Amino acid sequence: MSTEKGPRMKNPTIPYLSAMVLLAAVLLHAEETSLRTATLYPEADTYIQANLPDANFGSASFLSAASARESLIRFDLSSVSQVVSAKIRLYVSQFGTAGNTRPIVFRTIRDIAWDEMKETRNSMTHEVPFVTVQSPWVGTSDPQFAGWTLATNANVWIEADVTEAVRLAAQGAGKITFHAFSPAPDNNMVYTDYTPVTFHSRERGGTETGPQLVVECAGDGNEAKGGIFYDGIPADDVSLEATIRRGPGHGTGDGAKSGLLANRG
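Residues numbered from 1 in each chain as written. Predicted model: local features only at pLDDT ≥ 70, side-chain atom pairs only at ≥ 80, totals over all residues. Heavy atoms only, no water.

Engineer: What am I meant to see in the overall build of the protein chain here?
Structural biologist: Counting its regular elements, the protein chain contains 4 helices and 11 strands. Buried positions account for 43% of the 265 residues belonging to the protein chain. Partitioning the contacts of the protein chain with sequence separation of at least 6, the portion at a separation of at least 24 is 79%. Working note: accessible area of the protein chain is about 13900 Å², and carbon and sulfur atoms make up 54% of it. (Helix = DSSP H or I, 4+ residues; strand = E, 2+ residues; numbered from the N terminus. Buried < 20%, exposed > 50% of the residue type's maximum accessible area, 1.4 Å probe, protein only. Contact = heavy atoms within 4.5 Å. Areas by Shrake-Rupley, 256 points an atom, 1.4 Å probe, with all protein chains shown as cover.)

Quick look at the structure:
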């Protein structure tokens, strides 16, 4: 009886497993590359002040959050869908004493048709009532709470995760207004400097240091050339510089209009 062994058969599962691993890698790569990041800029922003309840600050070069000041910032979300993550970013221009910690809380308001050149503290009382808000350290009972962060110094960016609020707004109204304020001190916060925290507004910072909403999304959107996203500006309104979210090199006036129309996608 011959003891010579025949040719060894290859394991038939190895090619199958290799193909599955390759397929999984391809799908994972496709999933990663299908995500895109849109940086949106506000179509309106202003602040309101309790001790000047009938004053309008729509053209101010800054926004503010303090015991008497609250900011309103509205974004158009028509260029994004299937939101994966979102964060709002503000550039701090004035802080007071470095080293103190100042919580900045973001909530949403239902009114998305407010006019930045008309709104006052009195006109927004129904939307942003002064109430005792719990410290972010212990959470909040406000159903319109969107996120929070800490300011600790000037000339820096701060950002807060607002994913869920943006996801819901993108699926619904298509616009979102953030109400930003700084809660008064309580047992969970320790700071003694009441100098208002201020941020660059869109009038001052534009697309460089003005407010930003950075959205990572999986759906197709209105992406302009060069990675700049224009947030749903109507074609019949592009002559208004105040409504044009300008990308680098687009300038203002007729140049901005032509650049916008050429890149609406």
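Engineer: So what exactly am I meant to see when it comes to the packing of aromatic side chains here?
Structural biologist: To describe a pair of aromatic rings, one takes the distance between the centres and the angle between the planes. Going through the model one piece at a time under the given rule, you end up with 5 aromatic pairs. Ring centres of Tyr 91 and Trp 157 lie 5.5 Å apart, and the angle between their planes is 70°; this geometry places the pair in the edge-to-face category. In this pair, Tyr 91 is assigned in strand β5 (residues 83-94) and Trp 157 in strand β8 (residues 156-161), connecting sequence segments 66 residues apart. Under the relative-accessibility criterion, Tyr 91 is labelled buried at 16%. (Phe/Tyr/Trp six-rings, centres within 6.5 Å; stacked < 30°, edge-to-face > 60°.)

Engineer: Is there a simple way to think about the environment of Phe 95 in this case?
Structural biologist: Following the sequence through the fold, Phe 95 ends up in the loop between β5 and β6 (102-109). The sequence separation of Phe 95 and Phe 199 amounts to 104 residues, and the corresponding C-alpha distance is 9.1 Å.

Engineer: Is there a simple way to explain the nonpolar core in this structure?
Structural biologist: Ranked by size, the top nonpolar core spans 32 residues in total, and within it Val 166, Phe 178 and Leu 213 carry the most contacts. Not counting chain neighbours up to four residues away, the residues in contact with Phe 178 comprise Ser 71, Leu 72, Ile 73, Phe 75, Ile 88, Phe 106, Arg 107, Thr 108, Ala 146, Val 162, Val 166 and Leu 213. The next biggest cluster of nonpolar side chains, apart from the first, holds 7 residues, and it includes Leu 72, Ile 109, Met 124 and Val 128. (Core = buried A, V, L, I, M, F, W, Y, C linked by side-chain atoms within 4.5 Å.)

Engineer: Sorry, what's going on with unusual backbone geometry here?
Structural biologist: Even without glycine at this site, Gln 82 takes up a positive phi of about 50°. Tracing the chain through its elements places Gln 82 in the loop between β4 (69-76) and β5. Note on Gln 82: relative accessible area 55%, which makes it exposed. Even without a glycine there, the phi angle at Asn 155 is positive, about 65°. Mapped onto the elements of the fold, Asn 155 is located in the loop between β7 (145-151) and β8.

Engineer: Please explain the pattern of salt bridges as it appears in this structure.
Structural biologist: Note that side chains of opposite charge can pair when their charged atoms are close. Tallied over the entire structure, the rule returns 9 salt bridges. As a salt-bridge pair, Glu 70 and Arg 121 come within 2.8 Å of each other at their nearest N and O atoms. Highlighted residues: Glu 70 in strand β4 and Arg 121 in the loop between β6 and β7, separated in sequence by 51 residues. One exposure class covers both Glu 70 and Arg 121, and it is buried. (Salt bridge = Lys/Arg side-chain N within 4 Å of Asp/Glu carboxyl O.)

Engineer: Hey, could you run me through the sheet that holds β7 in this one?
Structural biologist: Strands sit in the order β2-β4-β9-β6-β7 across an open sheet of 5 strands; the sheet is antiparallel. The two strands at the open ends of the sheet, each matched to only one other strand, are β2 (44-49) and β7. For this sheet, the mean inter-axis angle between neighbouring strands, taken without regard to orientation, is 20°. Here β6 runs beside strand β9 (residues 175-181); their pairing, made up of 5 bridges, is antiparallel. Within β9, the residue paired with Ile 109 across the bridge is Thr 177. Along the sheet, helix α2 (residues 163-171) contacts β6, β7 and β9; its crossing angle with β9, the most-contacted strand, is approximately 150°. (Pairing = 2+ DSSP bridges. Axes fitted to C-alpha atoms, helices over the stretch in contact; angles between N-to-C directions.)

Engineer: It is not clear to me how helix α3 (residues 202-209) should be interpreted in this structure. Could you clarify?
Structural biologist: What sets the pattern is the α-helix's 3.6 residues per turn: residues three or four places apart point alike. Inspection of α3 places Arg 202, Gly 205 and Thr 207 among the buried residues, and these make up the whole buried set. Buried positions in α3, seen along its axis, are confined to an arc of 155° and lie on one side of it. Residues of α3 that are buried make contact with β2, β10 (197-200) and β11 (212-217). (Arc of directions from axis to C-beta.)

Engineer: Any chance you could explain the layout of surface pockets here in plain terms?
Structural biologist: A probe as big as a water molecule, rolled over the atoms, marks out the empty space that is left. Considered as a void within the structure, the second largest pocket measures approximately 260 Å³ in volume. Around the second largest pocket, the lining is made up of 15 residues, and of these Thr 108, Ile 109, Ala 165, Ala 169 and Ile 176 lie nearest the centre. Broken down by secondary-structure element, the contributors of at least two residues to the lining of the second largest pocket are β6, α2 and β9. Broken down by class, the residue content of the lining of the second largest pocket amounts to 9 nonpolar, 4 polar and 2 charged. (1 Å grid on protein atoms, 1.4 Å probe; cavity = no way out; pocket = protein on both sides within 12 Å on 5 of 7 lines; lining within 4 Å. Points joined across faces, edges and corners; volume = space filled by probe spheres on them. Nonpolar A, V, L, I, M, F, W, Y, C, P; charged D, E, K, R; others polar.)

These figures come from the coordinates and say nothing about function on their own.
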